[in-house]
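# Secondary and tertiary structure notes
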Amino acid sequence: MKKGIHPENYRLVAFKDMSNEDVFITKSTANTNETLEVDGVEYPLIKMEISRTSHPFYTGKTKLIDTAGRIDKFKNKYAKFKK
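Everything in this summary refers to the structure shown in the same document.

What counts, and at which threshold
Residues numbered from 1 in each chain as written. Predicted model: local features only at pLDDT ≥ 70, side-chain atom pairs only at ≥ 80, totals over all residues. Heavy atoms only, no water. Pairing = 2+ DSSP bridges. Helix = DSSP H or I, 4+ residues; strand = E, 2+ residues; numbered from the N terminus. Axes fitted to C-alpha atoms, helices over the stretch in contact; angles between N-to-C directions.

### Some words on the pairing of strand β2 (residues 23-28)
Side-chain direction in a regular strand flips from residue to residue, so the side chains alternate between the two faces of the sheet. In this sheet, β2 lies alongside strand β1 (residues 11-17) in antiparallel orientation, the contact comprising six bridges. Bridging across to β2, Ala 14 finds its partner in Ile 25. What sits between the antiparallel neighbours β1 and β2 is a turn of five residues, in which Glu 21 has the positive phi angle 65 degrees.

### Some remarks on the pairing of strand β4 (residues 41-48)
Looking at chain direction, β1 and β4 are connected through four bridges and run parallel. When the bridges of β4 are listed, Lys 16 appears paired with Lys 47. Relative to β4, strand β3 (residues 35-38) is paired through four bridges, and the arrangement is antiparallel. Residue pairing in the sheet places Thr 35 in a bridge with Pro 44 of β4. Counting the residues that bridge the hairpin from β3 to β4 gives two residues, and of these Asp 39 lies at a positive phi of roughly 55 degrees.

### What about the sheet that holds β3?
Spatial ordering of the open sheet is given by β2-β1-β4-β3, a layout of four strands whose pairing is mixed. Each edge of the open sheet is held by one strand with a lone partner, namely β2 and β3. For this sheet, the mean angle separating the axes of adjacent strands, direction not counted, is 45 degrees.

Scope: geometric values only; no functional claims are made or implied.
Set out below in structure tokens:
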């Protein structure tokens, strides 16, 4: 590895999945102004929309959100090309 290009300021950070409220602690250099207390210890907080505990690939649960029938419009539009 090249010297001097990797960050030196790794610290423990709490990552919170906002879709299911799951929290996990890992090292990161990400900056944040928010904090979260976990087991009596205060950690910097990074909020995420999706993580390994809520992503359909990892959970096996598919969540399909069809706004305004977009999927049906797509299927109807390209049905004429179907052989």
